[in-house]
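Letter by letter, the chains look like this.
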Amino acid sequence: MVEEGKNNADKQPDINEGNGSRSEDITTIEIAATISVRELADMLEVSAIDIIKQLMRNGIMANINQVIDYEVAAAIAAEFGYEAHPQPLTARRHPSVISEIKKQQLLSEESINLKPRPAVVTIMGHVDHGKTRLLDAIRQANVMDTETGGITQHIGAYQVEIDGKKITFLDTPGHEAFTAMRARGAQVTDITVLVVAADDGVMPQTKEAIDHARAAGVPIVVAINKIDKPDANPERAKQQLADAGLVVEEWGGDIVCVLTSAKSKTGISDLLENILLVAELENLRADPSQPAKGVVIEARMDKTKGPLATVLVHDGTLRLGDMVVTGSTWGRIKAMFNDTGKRIRKAKPSSPAVILGLHSIPQVGDAMTAVAGERQAKALVRDNQEQSQRESKVVSLTNLFDQISTGDVKELDIILKVDVQGSVEPIRASLEKLATDEVQVKTIHSGSGNVTESDVMLAVASKGLVLAFNTKIEAGAQKLAEAEGIDIRSYKVIYDLVGDIEKALKGMLTPEFVDVVEGRAEVRVVFQGAKHSKIAGVYVNEGKVSRGASVRVRRNDQVVLESSVISLRRFKDDVREVAAGYECGVGIKDYNDIRVSDVLEFFRKEKAG
Ligand code: GDP
């Protein structure tokens, strides 16, 4: 029974069975007076998660860097089939540079009063796989505060307590919200729960969610949900997850996977315990003695109370009466509520709190900082405003080389959308080969289908660019890309796509020109001009018209012509420009078919990037 005990937590030898007779079969090891969890795991050749689980079974909560003493380590080693002996004092411990660094970190952490803080969790997954219902099930089973009769409020996040430890859930599920926050510069999530319906398996948005979590470097816990369904097939889901790069623990990988049914509420506490476990590994810390720092996760105007914002405190403690700045607004906290609607006087790290007292409504994703007083608040608001005016640097192919040269870009992150899945691999492989000493080329997300808003958001959050191969760009995605300055490039030939990236990396790409619309006008009357030409009598609805500008003629929403403005008159005078709200006569080069009700769109070509 003992011979296979090594490396296998499930087949633990009965340590009470022998009385020394097993010494030949058992591996003996020497353990120093103190050892970190990570070192012990290395020594026993098991994963750190297994050690932490075993410690938990023995009532010890430890994270990967925690140092445990000989007695505890020896007991754990025995449970994995090892016989431990104290290391002689003269023997040097197996040197581990990493653990030394970590130990020093721990020491310095202690000196600045860092304490463990709850994990902040976002639930992601394909539509209809049960994200919302799972959030509800978790909440119903574990609401911390029942004083308010279980009346829970939607404030954007809630906390549950299990085994005396808290977990904060953001209750806007989905990777879109997650990445939108990141795009605003706020990464609040520590752990992602990826929900996969056992009957449906891995679907396109499951893969998208995996890529979004990975791009953010956030660990994933898998919940295979709907296991109550007759056609549930968790094993198939695990296989598909492995194909997508997530290998679950029982298959030798490092992904924690839990079976759940949000409907029958099974597996919920197992899920929560595993989240706690991953949180331990993440070693999440904050210093509650500091002034609060956090982020706005919801904001709205209340008719009677005024501007309300839900903030999630990352670090420090937020207190009633604190002066806080959130983006471009500020105020003193007049009242504060928790997720069950209860009035609170303080909110600790990783807690959500609804605050009252801001002068106006902040934006979701705005950073919140507690400051000493009004003067500091106003100064910080000014800084924030200046900073938001300084455009966040986005990567574009035409300025890529400059950004590499100045060291601003060390990794080119690409979001690749293609017509058929089969095109992904050859393009990805060719792109990744273009890496140079200065810059890595990484496809952070790929898939078949149109370019969506979520792709563009990911590009914003990761400062990447979007390549569309034989596929369309959805209207919303195009608009968002324009607003955020994201470069979307469309190609029909792989050679051109790869060639462009190669040229861009070498700074050899000739700039593309983009159209910047300057104004729009509506044709109200048509005059006869000189030599059979026609003059459009227009009313300028928006922007301006200038002589020499390029012009597009739209009729019934179709572009019928692109040309330029050769003459511009107000009354009898030639003018250079006419602004919105005025009428004028426009002559269009080489065109005499202008009609009443046509719309003229004036634009200028500008160098992109
Ligand atoms: P979301 O789009 O991922 O948020 O999915 P929802 O939570 O809205 O769930 C989609 C549908 O699946 C709803 O009809 C849920 O009632 C149902 N559902 C969710 N979880 C389970 C489950 O564990 N078992 C079963 N049978 N149905 C579930």
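Everything discussed here concerns the structure shown above.
Here the structure is a predicted model, which is why all the values come from computation and not from measurement. Residues take numbers from 1 onward in each chain, read along the sequence in its written order. Reporting of local features is limited, given that this is a predicted model, to residues whose pLDDT is at least 70; pairs of side-chain atoms are given and counted only at 80 or more, and all residues count toward the totals for whole chains, interfaces and linings. Water and hydrogen atoms play no part in the side-chain values, which are based on all heavy atoms of the structure.

### Quick word on the sheet that holds strand β6 (residues 119-125)
Item 1. At least two bridges found by DSSP between two strands are what make those strands a pair. Helix and strand labels come from DSSP, where a helix needs a run of H or I of at least four residues and a strand needs a run of E of at least two; each type is numbered from the N terminus. Ordered in space as β7-β8-β6-β9-β10-β11, the 6 strands form an open sheet in which the pairing is mixed. The two strands at the open ends of the sheet, each matched to only one other strand, are β7 (157-162) and β11 (256-259). On average, each strand axis in the sheet is tilted by 30° relative to the strand beside it, whichever way the strands run.
Item 2. Only heavy atoms enter the contact rule, under which two residues are in contact if any of them lie within 4.5 Å. Axis definition: a line fit to C-alpha positions, over the contact stretch in the case of helices; interaxial angles, taken between N-to-C directions, run 0 to 180 degrees. Contacts from helix α9 (residues 268-282) reach β6, β7, β8 (165-170), β9 (191-197), β10 (220-225) and β11, with the element oriented near 100° to β8.

### Quick look at helix α2 (residues 48-57)
Item 1. The classification of residues rests on relative accessible area computed with a 1.4 Å probe and restricted to protein chains. Under 20% of the type maximum is buried, over 50% is exposed, and intermediate values are partly exposed. Every buried residue of α2 is accounted for by A48, I49, I51, I52, Q54 and L55.
Item 2. On its buried side, α2 packs onto α1 (37-44), α3 (70-79), β11 and α9.
Item 3. At the exit of α2 stands G59, carrying a positive phi of roughly 80°.

### Remarks on the packing of aromatic side chains
Item 1. For this analysis, a ring pair means two rings from Phe, Tyr or Trp (six-membered ring only for Trp) whose centres lie within 6.5 Å, classed as stacked if their planes differ by under 30 degrees, edge-to-face if by over 60, and tilted for the remaining angles. The full count for this structure, using the stated rule, is 1 aromatic pair.
Item 2. When the NZ atom of lysine or the CZ atom of arginine is within 6 Å of a ring's centre and also within 35 degrees of its normal, the charge is said to sit over that ring. Residue placement shows K305 over the ring face of F337; its charged tip is 5.9 Å from the ring centre.
Item 3. Sitting over the face of the ring of F603, R552 holds its NZ or CZ atom 4.0 Å from the ring centroid.

### Observations concerning the side chain of R552
Item 1. Note on placement: R552 falls in strand β27 (residues 550-555).
Item 2. The definition of a polar contact used here is a pair of N or O atoms within 3.5 Å, where within protein one atom must be able to donate a hydrogen and the other to accept one, and adjacent residues in sequence count solely through side-chain atom pairs. Within the structure, the side chain of R552 is placed 3.5 Å from the side chain of E562, a separation counted as a polar contact.
Item 3. With residues up to four places along the chain from it excluded, the contact list for R552 reads D515, V559, L561, E562, V599, L600, E601 and F603.

### Some details on unusual backbone geometry
Item 1. A positive phi angle, near 55°, is found at N283, a position not held by glycine.
Item 2. Among the structural elements, N283 can be located in the loop between α9 and β12 (285-286).
Item 3. Non-glycine residue D590 carries a positive phi angle of around 55°.
Item 4. Position of D590 relative to the elements: it lies in the loop between β31 (583-588) and β32 (599-607).

### Quick notes on the site of the ligand
Item 1. Throughout, near means a residue has at least one heavy atom within 4 Å of the molecule or strand. The full set close to the ligand counts 15 residues, and D128, T132, R133, D228 and A262 are the nearest of them.
Item 2. Between an oxygen atom of the ligand and a main-chain N or O atom of G130, the distance comes to 3.0 Å.
Item 3. Contacts to the ligand include D228, whose side-chain N or O atom sits 2.6 Å from a nitrogen atom.
Item 4. Each accessible area is a Shrake-Rupley estimate made with a 1.4 Å probe; only the visible protein chains count as cover when residues are assessed. For the ligand, whose unbound accessible area comes to 580 Å², protein coverage reaches 75%.
Item 5. Among the elements that line the shell around the ligand, the one with the most residues is helix α5 (residues 131-142), at 3 residues.
Item 6. Side-chain classes are defined by residue name, with Ala, Val, Leu, Ile, Met, Phe, Trp, Tyr, Cys and Pro counting as nonpolar, Asp, Glu, Lys and Arg as charged, and the others, Gly among them, as polar. Here the residues of the shell around the ligand sort into 2 nonpolar, 6 polar and 7 charged.

### Re the nonpolar core
Item 1. To qualify as a nonpolar core, a set must consist of buried Ala, Val, Leu, Ile, Met, Phe, Trp, Tyr and Cys residues joined through side-chain atoms within 4.5 Å. Core analysis: the biggest nonpolar cluster contains 53 residues, and I51, I138 and F169 have the highest contact counts within it.
Item 2. Top contributing element to this core by residue count: α9, with 8 residues.
Item 3. When neighbours within four sequence positions are excluded, F169 is seen to be in contact with V121, I123, L135, I138, G156, A157, Y158, V160, L272 and I275.
Item 4. By size, the runner-up hydrophobic cluster in this structure holds 21 residues, among which are I414, I427, L465 and Y491.

### Considering the sheet that holds strand β23 (residues 465-469)
Item 1. In space, the 4 strands of this open sheet follow the order β22-β21-β23-β24, with parallel pairing throughout. Since the sheet does not close on itself, it has two edges, and those belong to β22 (440-448) and β24 (488-491), each with one partner. Recorded for the sheet is a direction-independent mean angle of 25° between the axes of neighbouring strands.
Item 2. Sheet analysis places strand β21 (residues 411-418) next to β23, joined by 5 bridges and oriented parallel.

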